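The residues making up each chain are set out below.
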There are 2 protein chains.
Amino acid sequence: MPAPRDIDYDCPIRDVLDRIGDAWTVLVILKLKRQPWRFNALCREIEGISPRMLAVTLRRLERDGLVSRTILDTSPPQVEYALTQRGVSLHGAVDVLGCWAEDNQAGIRKSRADFDQARERT
Amino acid sequence: MPAPRDIDYDCPIRDVLDRIGDAWTVLVILKLKRQPWRFNALCREIEGISPRMLAVTLRRLERDGLVSRTILDTSPPQVEYALTQRGVSLHGAVDVLGCWAEDNQAGIRKSRADFDQARERT
DNA sequence: CCGTATCCGTTATGATACTG
DNA sequence: CAGTATCATAACGGATACGG
């Protein structure tokens, strides 16, 4: 039977990677870095995300104390999401990875092309 | 229809996160940091990994030029995996995230517990 | 020893439609 | 506006057996 996944490594880095490893979390954190956003505005800003996935992603971030959720006293009511202090500090760590990625993107693409070409010759 | 996923963000950080976001890649990089390992030795070292997933993970890392694969001239033949220079530099970037994770693990767990408890009161 | 091939269950997530 | 409910599907990863 597949997927027991019950080996609890108690590995902090896995906790983090399980969170930021998915497709949307990082994009949301990136967007929220500059300014707070309302739900639908954010949904429009992040190309390709569905309301469902945005809701799921924001809920997870909120649960971890990385994003705050504020109900504005307007009519109709609006909800504003912003990075918490902890969220900002995570952004910093993610940014390091982003810089590494930029620095190495070209090299990685080259490696991939070489690797694929080497196998192509059956 | 679900899962088109064809929105190519051309976002370098997504390239990286797609690689390290899975369950095993980071564990492999961590293991290889200290010393090179042979396939089966590595398989025994990393608790819970199957030969299949180790092979898949190593292949991806090799393709990206992060890990080198050396066939030793022994009998029976052995294969040794090691981090390349690029792999070592990725380890550095991942390490930043690891430190963040350690520093924030307790706070995150507290936030999660609080969040879950708040919802429990139906 | 070093993997690869196959099968298949679980999970993640996209689309869509609907509610407060 | 801010989400939630439902459904279907594609991708991930585990078990197992086998090949070089």
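As the structure is a prediction and not an experimental result, all values here were calculated from the model.

Colleague: What exactly am I supposed to notice about the relation of the copies chain B and chain A here?
Modeller: The second copy of the chain is related to the first by a rotation about an axis and a shift along the axis. At an RMSD of 0.0 Å, chain B and chain A line up after a rotation of 180 degrees and a shift of 0.0 Å along the axis. Classification of the inter-copy transformation places it as that of a two-fold axis. Residues of chain B ranked by C-alpha distance from the rotation axis are headed by Gly-21 of chain B, positioned 2.0 Å from it. Take the interface residues of chain B: 100% of them recur as interface residues in chain A, which is what a same-surface contact looks like.

Colleague: Help me understand the pattern of salt bridges in this model?
Modeller: Oppositely charged side chains are able to pair whenever their charged atoms sit close together. The full count for this structure, using the stated rule, is 14 salt bridges over all chains. Salt-bridge contacts for Lys-31 of chain A lead to Glu-45 of chain A; the nearest nitrogen and oxygen are separated by 2.9 Å. Separated by 14 residues along the polypeptide, Lys-31 of chain A in helix α2 (residues 25-34) and Glu-45 of chain A in helix α3 (residues 39-45) bring together distant segments of the chain. Relative accessible area serves as the criterion here: at 36%, Glu-45 of chain A is assigned to the partly exposed category. Between Arg-112 of chain B and Asp-64 of chain A there is a salt bridge whose closest N-O contact spans 2.6 Å. Here Asp-64 of chain A lies in the loop between α4 (51-63) and β2 (67-72) and Arg-112 of chain B lies in helix α5 (residues 85-120), a pairing that spans two chains. Neither residue differs from the other here; Arg-112 of chain B and Asp-64 of chain A are each classed as buried. Three or more residues are tied together by salt bridges with common partners; here these are Arg-19 and Asp-64 of chain A together with Arg-112 of chain B.

Colleague: I tried to follow the interface of chain B and chain A on my own but got confused; where do I start?
Modeller: Interface size is often expressed as the accessible area that is lost when the parts come together. Listed as interface residues are 47 residues of chain B and, on the opposing side, 47 residues of chain A. Surface buried jointly by chain B and chain A totals about 4,400 Å² across both partners, of which 63% is contributed by carbon and sulfur atoms. Of all residues in chain B, Arg-63, Trp-100 and Arg-112 of chain B bury the most surface against chain A, accounting for 16% of the area lost on that side. Across the chain B-chain A interface, the total number found is four salt bridges. Our count for the chain B to chain A interface comes out at 16 residue pairs in polar contact (both at pLDDT 80 or more).

Colleague: Could you clarify how one ought to interpret empty space enclosed by the protein in this entry?
Modeller: The rolling of a water-molecule-sized probe over the atoms marks out the regions of remaining empty space. The full count for this structure, using the stated rule, is three cavities of 30 Å³ or more. Each pocket or cavity is described by its volume, and for the largest cavity that value is around 100 Å³. Residue lining of the largest cavity: 14 residues in total, with Asp-15, Val-16 and Asp-64 of chain A together with Ile-108 and Arg-112 of chain B positioned closest to the centre. Those elements that provide at least two residues to the lining of the largest cavity are α1 (12-20) of chain A together with α5 of chain B. Among the elements that take part in the lining of the largest cavity, α5 of chain B stands out by supplying seven residues, more than any other. Considered class by class, the residues forming the lining of the largest cavity number seven nonpolar, two polar and five charged. Taken as a whole, the second largest cavity spans an internal volume of roughly 50 Å³. When contributions to the lining of the second largest cavity are tallied by element, the ones reaching two or more residues are α5 (85-120) of chain A together with α1 (12-20) of chain B. Its residues placed into classes, the lining of the second largest cavity shows six nonpolar, no polar and four charged.

About the criteria used
- Residues numbered from 1 in each chain as written.
- Chains lettered and ligands numbered in written order.
- Predicted model: local features only at pLDDT ≥ 70, side-chain atom pairs only at ≥ 80, totals over all residues.
- Heavy atoms only, no water.
- Least-squares fit on C-alpha atoms with pLDDT ≥ 70 in both.
- Contact = heavy atoms within 4.5 Å.
- Salt bridge = Lys/Arg side-chain N within 4 Å of Asp/Glu carboxyl O.
- Helix = DSSP H or I, 4+ residues; strand = E, 2+ residues; numbered from the N terminus.
- Buried < 20%, exposed > 50% of the residue type's maximum accessible area, 1.4 Å probe, protein only.
- Buried area = accessible area lost by both parts, 1.4 Å probe.
- Polar contact = N/O pair within 3.5 Å; in protein donor to acceptor, adjacent residues only side chain to side chain.
- 1 Å grid on protein atoms, 1.4 Å probe; cavity = no way out; pocket = protein on both sides within 12 Å on 5 of 7 lines; lining within 4 Å.
- Points joined across faces, edges and corners; volume = space filled by probe spheres on them.
- Nonpolar A, V, L, I, M, F, W, Y, C, P; charged D, E, K, R; others polar.

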